[in-house]
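# Examining the three-dimensional arrangement
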Amino acid sequence: IEWPDMEGPPQPLRINGEPFFINGVADYEHQLGNNHAFTDEQIRTRVSQIRTTGFNAFRDAHHPHNLRFNEYWDQLGMLWWTQFGAHIWFENEDFQTNYKQLLRDWVKERRNSPSLFMYGLQNESKLPTAFAAECAEIIREMDPTASIQRLITTCNGGTGTDWDVPQNWTGTYGGNLYAYSEELTRQRMVGEYGAWRSLGLHSEDGFVEDGPLSEDRMTALMETKVRLAEKVRDQVIGHFAWPFTTHQNPGRNVGSRNQQMADGIRMLDRIGPANNKGLFSTWGEPLDVFYMYRSNYASPETEPMVYIVSHTWPDRWTEPGVKDGIIVY
């Protein structure tokens, strides 16, 4: 694994001497009703869904996943960004000692996986710089490839590691969606990009900056970023979509936008706060954006597909006639 000089001209990641563009995805280890309690079959199914979408890299979000996941990444040849941490910080010896012991266990369990190419010490880190640097040194001691082939990272805030990987939420939280290729070239790699949406909520005209948080707006936003990233794939490392499946997020206050962000329009379907940016709903139903990714990245020879948008929009037209705006993946 050869990382480009982050201070030099834009260059791609190279694996075995060849440029490798990361089309990655992050996912929480979450099953509705089961939390982290995945069965072997559920892990195999989730991995199969991720692979059939066309992704070539996976990011643990934001904590260590079941080790059966990374066995699949090894077998499939997918790059793997593992993560560890606590989104809190206690200034006492017991917390810090326990943190470092669990950190050592995490490295020991994962360092021999050939798919591993990044250690994520923490997402949106609250760790003091000196402590993060101490943890990074522990990782280097236990894995001589760390910081050389396997960078030690934080994401969207954090110091004391090799690199704080940026996120890019243009189009979702303001900014210029159509400048994504220039921004990605400057950022080198994006650890998260995505969009809010509500399952079954539809709107015309694709991406509308201040439009309803519909499936159509989300899909248009994500496809724009896919297309713009492809234009500079020979100059950048890549990007990670956020997230693969919607996960419950009870600590998130979504406020007055709750109705728009909910996975269901009906009160019956609103199960509480969730991070409704998934390519799959929290109960496992694929959205239109899933088919968009497949049409761009899955092999048409081995996985042929035709999908007419949208299976959740049966009442788009109520009168017969010639219609505009039909999208087919």
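Thresholds, definitions, all that
- Residues numbered from 1 in each chain as written.
- Predicted model: local features only at pLDDT ≥ 70, side-chain atom pairs only at ≥ 80, totals over all residues.
- Heavy atoms only, no water.
- Core = buried A, V, L, I, M, F, W, Y, C linked by side-chain atoms within 4.5 Å.
- Buried < 20%, exposed > 50% of the residue type's maximum accessible area, 1.4 Å probe, protein only.
- Helix = DSSP H or I, 4+ residues; strand = E, 2+ residues; numbered from the N terminus.
- Contact = heavy atoms within 4.5 Å.
- Salt bridge = Lys/Arg side-chain N within 4 Å of Asp/Glu carboxyl O.
- Pairing = 2+ DSSP bridges.
- Right-handed = clockwise from strand over helix to strand, strands pointing away.
- Axes fitted to C-alpha atoms, helices over the stretch in contact; angles between N-to-C directions.
- Arc of directions from axis to C-beta.
- Polar contact = N/O pair within 3.5 Å; in protein donor to acceptor, adjacent residues only side chain to side chain.
- Parallel < 35°, antiparallel > 145°, perpendicular 65-115°, else oblique.
- Nonpolar A, V, L, I, M, F, W, Y, C, P; charged D, E, K, R; others polar.

## With respect to the nonpolar core
Ranked by internal contacts, the top residues of the largest apolar core, which has 60 residues, are F55, M222 and Y293. A per-element tally of this core places helix α4 (residues 129-142) first, with seven residues. With near-sequence residues (within four places) excluded, Y293 lies in contact with N23, T53, F55, Y193, M222, V226, A241, L279 and A298.

## A closer look at the pattern of salt bridges
Taken as a whole and judged by the stated rule, the model has 12 salt bridges. When the shortest N-O distance is used, the salt bridge between R68 and D40 registers 1.8 Å. Of this pair, R68 sits in helix α2 (residues 67-76) while D40 sits in helix α1 (residues 40-53), and the two are 28 residues apart along the sequence. Look at R68 and you get partly exposed, because its relative accessible area is 26%. Residue classification places D40 among the partly exposed positions, given a relative accessible area of 46%. The partner of R294 in a salt bridge is E303, and the shortest N-O contact between them spans 3.0 Å. Judged by relative accessible area, R294 falls into the buried class, the value being 13%.

## Describing the pairing of strand β4 (residues 57-61)
With five of five residues buried, β4 lies mostly within the body of the structure. Burial along β4 is two-sided: the face carrying A57, R59 and A61 and the face carrying F58 and D60 are both buried. By the bridge criterion, five bridges tie strand β3 (residues 22-28) to β4 in an arrangement that is parallel. When the sheet's bridge partners are listed, Y28 is paired in β4 with A61. Handedness of the β3-α1-β4 crossover: right-handed. Note: β4 against strand β5 (residues 79-83), three bridges, orientation parallel. Considered in β5, the bridge of R59 is made with W81. As for the winding sense of the linkage, the β-α-β connection from β4 through α2 to β5 is right-handed.

## Focus on the sheet that holds strand β8 (residues 163-165)
The strand order β8-β7-β6-β5-β4-β3-β10-β9 describes an open sheet built from eight strands, whose pairing is parallel. The outermost strands of the open sheet, each flanked by one partner alone, are β8 and β9 (189-193). Averaged over all adjacent pairs, the angle separating strand axes in this sheet is 25°, with direction ignored. Where helix α3 (residues 93-110) meets the sheet, its contacts fall on β5 and β6 (116-123), and the angle it forms with β6 comes to roughly 160°.

## Things to note about α2
Every buried residue of α2 is listed here: F69, N70 and W73. Seen along its axis, α2 keeps its buried residues to an arc of 90°; they face one direction. Where the residues of α2 are buried, they touch α1, β4 and β5. N-capping of α2 is provided by N66, with a side-chain oxygen placed 2.9 Å from the backbone N of R68. Phi for G77, located one or two positions after α2, is positive at around 75°.

## Let's talk about the pairing of β6
Across the eight residues of β6, eight count as buried, placing the element largely inside the fold. With four bridges connecting them, β5 and β6 associate as parallel partners. Looking across to β6, one finds that W81 is bridged to M118. In terms of handedness, the path from β5 via α3 over to β6 forms a crossover that is right-handed. The pairing of β6 with strand β7 (residues 151-155) spans five bridges and is classified as parallel. In the strand pairing of β7, M118 is matched with L151. Traced from β6 through α4 to β7, the parallel crossover comes out right-handed.

## So, the packing of α1 against helix α8 (residues 288-297)
Contact pair α1 / α8: the axes reach a minimum separation of 8 Å and the direction vectors enclose 55°. Judged by the inter-axis angle, α1 sits oblique to α8. Contact residues: Q49, T52 and T53 in α1; F290, Y293, R294 and Y297 in α8. Its residues placed into classes, the contact of α1 with α8 shows three nonpolar, three polar and one charged.

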